[in-house]
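# Breakdown of the fold
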Amino acid sequence: MVDHTSRPPHPPHQSVAPASTAPAAPAGITVDDVREAQKLLSGVARTTALEGSRYLSALVGAPVHLKCENLQRTGSFKIRGAYVRIAGLSAQERAAGVVAASAGNHAQGVALAASLLGVASTVFMPVGAPLPKVAATREYGAEVRLHGQVVDETLAAAQEYARQTGAVFIHPFDHRDIIAGQGTVGLEILEQCPEVRTVVVGVGGGGFAAGVALAVKALRPDVRVVGVQAAAAACYPPSLAVGRPVAIEPLATMADGIKVGRPGDVPFGIVRELVDEVRTVTEDELSAALLLCLERAKLVVEPAGASPVAALLSAPGSFEGPVVAVLSGGNVDPLVMQRILRHGMAAAGRYLSFRVRLTDRPGALANLLGVLTVVDANVLDVGHVRIDPRLGLTEVEVELHLETKGPEHCAEVTAALRGAGYDVVAV
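Residues numbered from 1 in each chain as written. Predicted model: local features only at pLDDT ≥ 70, side-chain atom pairs only at ≥ 80, totals over all residues. Heavy atoms only, no water.

### Some thoughts on the overall build of the protein chain
Basically, it comes down to this: Helix and strand assignments follow DSSP, with helices taken as H or I runs no shorter than four residues and strands as E runs no shorter than two, numbered in order from the N terminus. The globule rule used for comparison is 2.2 Å times the number of residues to the exponent 0.38, while the radius of gyration itself is calculated over C-alpha atoms. A 1.4 Å probe rolled over the protein chains alone gives each residue an accessible area, and that area as a share of the maximum for its type sets the label: buried under 20%, exposed over 50%, partly exposed in between. What sets the accessible areas is the Shrake-Rupley method with a 1.4 Å probe; for residues, cover comes only from the shown protein chains. Charged-residue counts in this description rest on Lys and Arg as positive and Asp and Glu as negative, His and the chain ends being excluded. By convention, charge coordinates are those of NZ in Lys, CZ in Arg, CG in Asp, or CD in Glu.
Each helix and strand in the protein chain was counted, giving 17 helices and 15 strands. Computed over its C-alpha atoms, the radius of gyration of the protein chain comes to 24 Å, within 12% of the 22 Å expected for a compact globule of 427 residues. Principal-axis analysis of the C-alpha atoms places the extent of the protein chain at approximately 80 × 55 × 40 Å. Burial statistics for the protein chain: of 427 residues in total, 55% are counted as buried. Total accessible area on the protein chain is roughly 18200 Å²; 53% of this is exposed by carbon and sulfur atoms. When the 37 positive and 42 negative side-chain charges of the protein chain are each reduced to one mean point, those points stand 2 Å apart.

Pasting the structure below:
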């Protein structure tokens, strides 16, 4: 994990009374705008739970709370900004309908918000979007159009649709109303945990982080706000380094909810001014965080939503508590979840995959399994390869997948196999 920005330590804790008005953030948004958004969202967005985590608290050495936006309506915070944005449209704009482009969370947030406000919505999604997300977006009332293989192509199609039809394009993060709506999460954090010292939030285009930071810093400037990006798609570090949004070519990451190639123009100034630092986390750290949320907190969280937990796992000693980590979403395809959990178990040393070559004769596999029985390794899957030009005439290659008890047990299993004469090749 890398810390890409640094600020002087915050001043000693002090209570800051809410003001009736507050200075504007760089984009001209004030905490009063966020308060108005909170009123507008009353009865629409849930005030999501703040759950304590004993495991993370012990790790960090201070109280850690999880803000469960994964339990929000539509499964993420996106309904907040989408509703505020659409509610602010004129009657003429509402009559023209709205259009959005998204692979998941923003699509569902726009669909539900538009439906609640009686506005027709069209949502463009990539051809390969997970079927559960496509189905949910339709069920929330949107007309779904599948276009493009990547989100950039889908976005272009949605913007062209807006030009042709007059529908209002609802950007996922680059608009002041979106930021104000997302900022209501920051107000809730201060209400639910007034003693908070650090807020950790995932960062994609920046709308969510900007909104949360704006609300928190306006009322409690002593609270540290830490943003987290996937290392494979971290557009903020280079942008902050040069002082303006710059585009990158994001690599593949399981955290598709924060996979953005360029910061939004509107949120960038707020993030630069109010977010104390932006860190990055690896794919292994993301999968381990998702696994921890499921096992320890009994919460289904998508990889992007687990990014703040990944940051805590990566450098627990660098956060002053009490800490609030925002779980921003819980929309994850079951098949993707299965692969991620497998990855997380491997990263945690609880899943071991390897290949060995055996003499192709009766009893050879039984002997191998006997070694694994002695070291108490649970075999999940066995695969055989008999026809391969790399194999000798009397050889067979066996691939095994084992459930283990941790890194030390993995080392014990591997040592036992090699001690028995097997050449172990990790998969």
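### Section: the environment of Asp276
The test is simple: Two N or O atoms count as a polar contact when they lie within 3.5 Å, although within protein this holds only if one can serve as hydrogen donor and the other as acceptor, and sequence-adjacent residues are included solely when both atoms are side-chain atoms.
Residue placement: Asp276 occurs in the loop between α12 (265-274) and β10 (277-281). Engagement of the side chain of Asp276 in a polar contact is seen with the side chain of Lys217, the distance being 2.8 Å. Within polar-contact distance, the side chain of Asp276 engages the backbone nitrogen of Val225 at 2.8 Å.

### So, the packing of helix α5 (residues 105-116) against helix α6 (residues 131-139)
Filter applied, for reference: Axis lines are fitted through C-alpha atoms, for helices just across the contact stretch, and the angle between N-to-C directions can take any value from 0 to 180 degrees. Any angle that falls under 35 degrees is termed roughly parallel, while one over 145 is termed roughly antiparallel, one within 65 to 115 roughly perpendicular, and all others oblique. The crossing is said to be left-handed when, going from far helix to near helix, the turn is anticlockwise and less than a right angle, and right-handed when the turn is clockwise. Here, residues are in contact when the closest pair of their heavy atoms is within 4.5 Å. Under the scheme applied, nonpolar residues are Ala, Val, Leu, Ile, Met, Phe, Trp, Tyr, Cys and Pro; charged residues are Asp, Glu, Lys and Arg; polar residues are all the others, including Gly.
In contact at an axis separation of 8 Å, α5 and α6 are set at 15° when each is read in the N-to-C sense. Of the possible angle classes, the one that applies to α5 and α6 is roughly parallel. Crossing handedness for the pair α5 and α6: left-handed. Here α5 contributes Ala107, Gln108 and Ala111 to the contact with α6, which in turn contributes Lys133, Ala136 and Thr137. Here the residues of the contact of α5 with α6 are counted per class, giving three nonpolar, two polar and one charged.

### A look at the nonpolar core
To be explicit about the condition: Buried residues of nine kinds, namely Ala, Val, Leu, Ile, Met, Phe, Trp, Tyr and Cys, make up a nonpolar core once their side-chain atoms join them within 4.5 Å.
Of all hydrophobic cores here, the largest spans 38 residues; its most connected members are Leu56, Leu66, Leu286, Val309, Leu312, Phe319 and Leu327. Sorting the residues of this core by element identifies α2 (54-60), β3 (64-68), β9 (224-230), α13 (283-296), α14 (307-314), β11 (323-327) and α15 (334-347) as the ones contributing at least two each. The leading source of residues in this core is α13, at six residues. Residue contacts for Leu312: discarding those within four places in its chain leaves Leu56, Leu59, Val60, Val64, Phe319, Val323 and Ala325. With 37 residues, the next largest nonpolar core counts Ala213, Leu219, Val271 and Val275 among its residues.

### Thoughts on helix α1 (residues 31-40)
An α-helix turns once every 3.6 residues. As a result, residues three or four positions apart point the same way. Within the sequence span of α1, burial applies to Val31, Asp32, Val34 and Ala37. You can read the cap of α1 off the contacts: a side-chain oxygen lies 3.2 Å from the backbone nitrogen of Asp32, and it is on Thr30.

### So, the packing of aromatic side chains
What characterises a pair of aromatic rings is the spacing of the ring centres plus the angle enclosed by the ring planes. Selection rule: Any two rings among Phe, Tyr and Trp, with Trp reduced to its six-membered ring, count as a pair given centres within 6.5 Å; such a pair is stacked if its planes are under 30 degrees apart, edge-to-face if over 60, and tilted if neither. Think of it as a cone above the ring: NZ of Lys or CZ of Arg counts as a charge over the ring if it is within 6 Å of the ring centre and within 35 degrees of the ring normal.
In total, this model carries three aromatic pairs according to the counting rule given. Arranged with centres 3.9 Å apart and planes meeting at 15°, the rings of Phe77 and Phe208 form a pair that is stacked. Highlighted residues: Phe77 in the loop between β3 and α3 (78-87) and Phe208 in helix α10 (residues 207-219), separated in sequence by 131 residues. Arg279 extends its terminal NZ or CZ atom over the ring of Phe319, reaching a point 4.4 Å from the ring centre.

### Considering the sheet that holds strand β15 (residues 425-426)
Test applied: Think of it this way: DSSP has to see at least two bridges between two strands before they count as a pair.
One open sheet holds the four strands; their spatial order is β13-β14-β12-β15, and the pairing between them is antiparallel. Two strands in the sheet have a free side with no partner beyond their single neighbour: β13 (378-385) and β15. Sheet topology note: the strand β12 (residues 351-359)/β15 ladder contains two bridges and is antiparallel. Directly across from Arg355, in β15, lies its bridge partner Val425. Set on the sheet, helix α16 (residues 364-374) makes contact with β12, β13 and β14 (395-403); between it and β12 the angle comes to about 145°.

### Quick notes on the pairing of β10
Of all the five residues making up β10, five are buried; the element is thus mostly covered by neighbouring parts of the structure. Burial of the side chains of β10 extends over both faces: Glu277, Arg279 and Val281 are buried on one face and Val278 and Thr280 on the other.

### Structural notes on the confidence of the model for the protein chain
A low pLDDT score tells you not to read the predicted coordinates there in detail. For clarity, the cut-off: Each residue carries a pLDDT score, the predictor's confidence in it, ranging from 0 to 100.
When pLDDT is averaged along the protein chain, the result is 88, and 92% of the positions lie at 70 or above. Note that residues 1-21 has pLDDT below 50 and, in this model, 51 contacts with residues that lie over four places away or in other chains.

### Observations regarding the sheet that holds strand β4 (residues 98-101)
Read from one edge of the open sheet, four strands run β6-β5-β4-β7, paired in parallel fashion. Only two strands of the sheet have a single partner each, and these edge strands are β6 (143-146) and β7 (168-169). Here β4 runs beside strand β5 (residues 121-125); their pairing, made up of four bridges, is parallel. Across the sheet, residue Val98 finds its bridge partner in β5, namely Ser121. Lying over the sheet, helix α7 (residues 151-165) contacts β4, β5, β6 and β7, oriented at roughly 165° with respect to β4.

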